[in-house]
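Analysis of the macromolecular model
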Amino acid sequence: MIYHLLYPLHTTISFFNVFRYITFRTIFASITALLICLIVGPWMIRKLQDMQIGQQIREDGPQSHLTKKGTPTMGGVLIILAVVISTLLWTNLSINYIWLILLVTVGYGLIGFVDDYSKLAGKSSKGIPGKTRLVAEIIIALFVSVILYLKPGFNLQVTVPFFKTILPNLGWGYILLSTFIIVGAANAVNLTDGLDGLAIGPVIICFATYILFAYFAGNVKVSSYLRVVHISGAGELAVFCGALVGAGLGFLWFNSYPAEIFMGDVGSLSLGGALGTMAIITKQEILLAIVGGIFVVETFSVIFQVGYFKMTGGKRILRMAPLHHHFELKGWAEPKVIVRFWIISILLALMAISTLKLR
Ligand code: 57M
């Protein structure tokens, strides 16, 4: 809205030209979302405490987690609020991609909200049935994927990192891939969200990386120089990513060890879904597995552990899945696991950025 209100004034006062620049708006979207979280955060934590919206802790988990009982949860509401307000303020709202990514962010947030709420109402760690949740996630992802498929000029080729000449065109199969990536990313972030700041750190790093990819894809000259697919309007998504990075940092202020608040499913599903959608729209679909490598590894640790557990009638590969619990049970202090995962995440982001040149 700031863009729509102030940019037109550039014809009379040239200073207002600054609102045209994606870089400027990305920075201010980030600062706005960060400030919203820092200002509203303490009030929300108090409110959640008053309403007794506290985390139930599973007793079969690492013992160190029992002290976390009652930590306010559903902090994702704060993240979504900050992202939505900041995006509405700073982006060019005539770009449809913005509405699509907001739809996923809010839609997945709602699914997570219902899940969190049913856990609290039932006062147990079980939320809505897994299948029901999955169907709701698929419906939203499918809807967004079909819209993109039908959008005139939307490129149905898949970008393969490190190979600039391999661009398979999937046709309608792109709808399936896109749905899989959005749903997969949401659940992968959800599985990772098990230690203070463990999920939000890599989420911030991923969105910071996608600021670059969105900006490059949206710019005719840069995309042709770097030989990435040009997507008209994708640059505005850099502003969305900026808002998300800011909101993520603001949330981390309170979620860093020892956490004063957890994001809940409302946060993890929403952030993961938005991340998957970013990968699709910027046409860096497979690259998400590199940038978000932490989420991929955490997910595979669960798949292998559960598979092996079932096949062998109770034997385990890891001390406990997801992977972060394995390191905790090996005796690593919680902050050590978290910070080491962040370091790996930064390394993966750098590798992902290097694909722009290494191909
Ligand atoms: C949720 N969430 C945390 C919080 C957060 C199939 C199975 C592997 C699934 C998996 C699972 O349910 N994962 C998804 C992970 C929970 O956090 C809440 O959930 C939200 C995110 N969805 O925002 O509201 C707990 O995580 C801790 N936490 C923090 N700091 C944070 O900032 O410390 C979360 C955020 C919180 C808090 O303790 O209560 C969770 O872990 O429940 N299941 C598991 O992860 C379980 N693994 C398991 O059962 N493994 C088995 C195999 C055979 C399936 C095994 O390896 O033996 C573990 N989780 C728990 N206890 N709590 C182990 C048992």
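Residues numbered from 1 in each chain as written. Predicted model: local features only at pLDDT ≥ 70, side-chain atom pairs only at ≥ 80, totals over all residues. Heavy atoms only, no water.

**Section: the site of the ligand**
Near the ligand lie 31 residues; those nearest to it are Gln55, Asn190, Asp193, Gly264 and Asp265. Within the side chain of asparagine 255, an N or O atom sits 3.0 Å from an oxygen atom of the ligand. Take aspartate 265: an N or O atom from its side chain is 2.4 Å from a nitrogen atom of the ligand. Out of a free accessible area of 1,100 Å², the ligand has 84% covered by protein chains. The element best represented in the shell around the ligand is helix H12 (residues 293-311), accounting for four residues. Considered class by class, the residues forming the shell around the ligand number 11 nonpolar, 13 polar and seven charged. (Near = heavy atom within 4 Å. Polar contact = N/O pair within 3.5 Å; in protein donor to acceptor, adjacent residues only side chain to side chain. Areas by Shrake-Rupley, 256 points an atom, 1.4 Å probe, with all protein chains shown as cover. Helix = DSSP H or I, 4+ residues; strand = E, 2+ residues; numbered from the N terminus. Nonpolar A, V, L, I, M, F, W, Y, C, P; charged D, E, K, R; others polar.)

**What to know about the environment of cysteine 206**
Structurally, cysteine 206 can be placed in helix H7 (residues 200-218). Among all residues touching cysteine 206, those that are not within four sequence positions of it are Leu275, Val291, Gly292 and Phe295. (Contact = heavy atoms within 4.5 Å.)

**Side note on unusual backbone geometry**
Looking along the chain, the bond that leaves tyrosine 257 and enters proline 258 is cis, with omega of -10°. Tracing the chain through its elements places proline 258 in the loop between helix H9 (236-255) and helix H10 (264-281). A cis amide bond links alanine 321 with the next residue in sequence, proline 322, at an omega value of -10°. When you line up the elements, proline 322 lands in the loop between H12 and helix H13 (323-329). A positive phi is found at phenylalanine 162, a non-glycine position, where the angle reads about 75°. Here phenylalanine 162 lies in the loop between helix H5 (130-150) and helix H6 (173-192). Given the relative accessible area of 35%, phenylalanine 162 is considered partly exposed. (Buried < 20%, exposed > 50% of the residue type's maximum accessible area, 1.4 Å probe, protein only.)

**Some details on the packing of helix H4 (residues 96-122) against H10**
Relative to each other, H4 and H10 sit at 155°, their axes nearing to 7 Å. Here H10 runs roughly antiparallel to H4, going by the angle between their axes. As for how H4 packs across H10, the hand of that crossing is right-handed. Side by side, H4 and H10 meet where Tyr97, Ile101, Val104, Thr105, Tyr108, Gly109, Ile111, Gly112, Phe113, Asp115, Asp116 and Lys119 of the first sit next to Gly264, Asp265, Val266, Leu269, Ser270, Gly273, Ala274, Thr277, Met278 and Ile281 of the second. Tallied by class, residues from the contact of H4 with H10 come to 11 nonpolar, seven polar and four charged. (Axes fitted to C-alpha atoms, helices over the stretch in contact; angles between N-to-C directions. Parallel < 35°, antiparallel > 145°, perpendicular 65-115°, else oblique. Left-handed = near helix turned anticlockwise from the far one by under 90°.)

**Examining the nonpolar core**
Counting 86 residues, the largest nonpolar core has Tyr108, Ile200, Phe207, Tyr210 and Phe240 as the members making the most contacts within it. Excluding anything up to four places from it in sequence, isoleucine 200 contacts Ile79, Gly248, Phe251, Leu252, Asn255, Met263 and Leu271. Grouped together as the second largest cluster of nonpolar side chains are 10 residues, Leu195, Leu198, Leu318 and Ile338 included. (Core = buried A, V, L, I, M, F, W, Y, C linked by side-chain atoms within 4.5 Å.)

**A closer look at the packing of H6 against H10**
Two elements in contact, H6 and H10, have axes separated by 7 Å at closest approach and are oriented at 145°. Between H6 and H10 the crossing geometry is right-handed. The residues of H10 that touch H6, namely those facing Tyr174, Ser178, Ile181, Ile182, Ala185, Ala186, Asn187, Val189 and Asn190, are Asp265, Ser268, Leu269, Gly272, Gly273, Gly276, Thr277 and Ile280. Here the contact of H6 with H10 is composed, by residue class, of eight nonpolar, eight polar and one charged.

**Considerations on the side chain of threonine 209**
Mapped onto the fold, threonine 209 is located in helix H7. Those residues in contact with threonine 209, other than ones at most four positions away along the chain, are Val291, Ala349 and Ile353.

**A look at the pattern of salt bridges**
For the coordinates displayed, the defined rule picks out 10 salt bridges. The shortest N-O distance in the salt bridge between lysine 68 and glutamate 334 comes to 2.8 Å. Taken together, the residues span a long stretch of sequence, with lysine 68 in the loop between helix H2 (22-50) and helix H3 (76-90) and glutamate 334 in helix H14 (residues 334-354) at a distance of 266 residues. The residues lysine 68 and glutamate 334 share a single accessibility class, namely buried. Taking the shortest distance from any N to any O, the salt bridge between glutamate 285 and lysine 283 comes out at 2.8 Å. When its relative accessible area of 1% is taken as the criterion, lysine 283 is described as buried. Residues joined in a network through salt bridges with shared partners are Asp115, Lys119, Arg133, Glu137 and Asp265. (Salt bridge = Lys/Arg side-chain N within 4 Å of Asp/Glu carboxyl O.)

**Topic: the state of the cysteines**
This structure, assessed with the given rule, holds zero disulfides. Left unpaired, cysteine 206 is separated from the closest cysteine sulfur, that of cysteine 241, by 10 Å. Relative accessible area serves as the criterion here: at 0%, cysteine 241 is assigned to the buried category. (Disulfide = S-S within 2.5 Å.)

**Topic: a nonpolar patch on the surface**
The grouping of Phe300, Ile303, Phe304, Tyr308, Met311 and Ile317 at the surface amounts to a nonpolar patch, some 660 Å² of accessible area in total. Tracing the backbone through its elements, the reader meets isoleucine 317 in the loop between H12 and H13. (Patch = residues over 30% accessible without salt bridge, like charges linked within 9 Å, V, L, I, M, F, W, Y side chains within 5 Å.)

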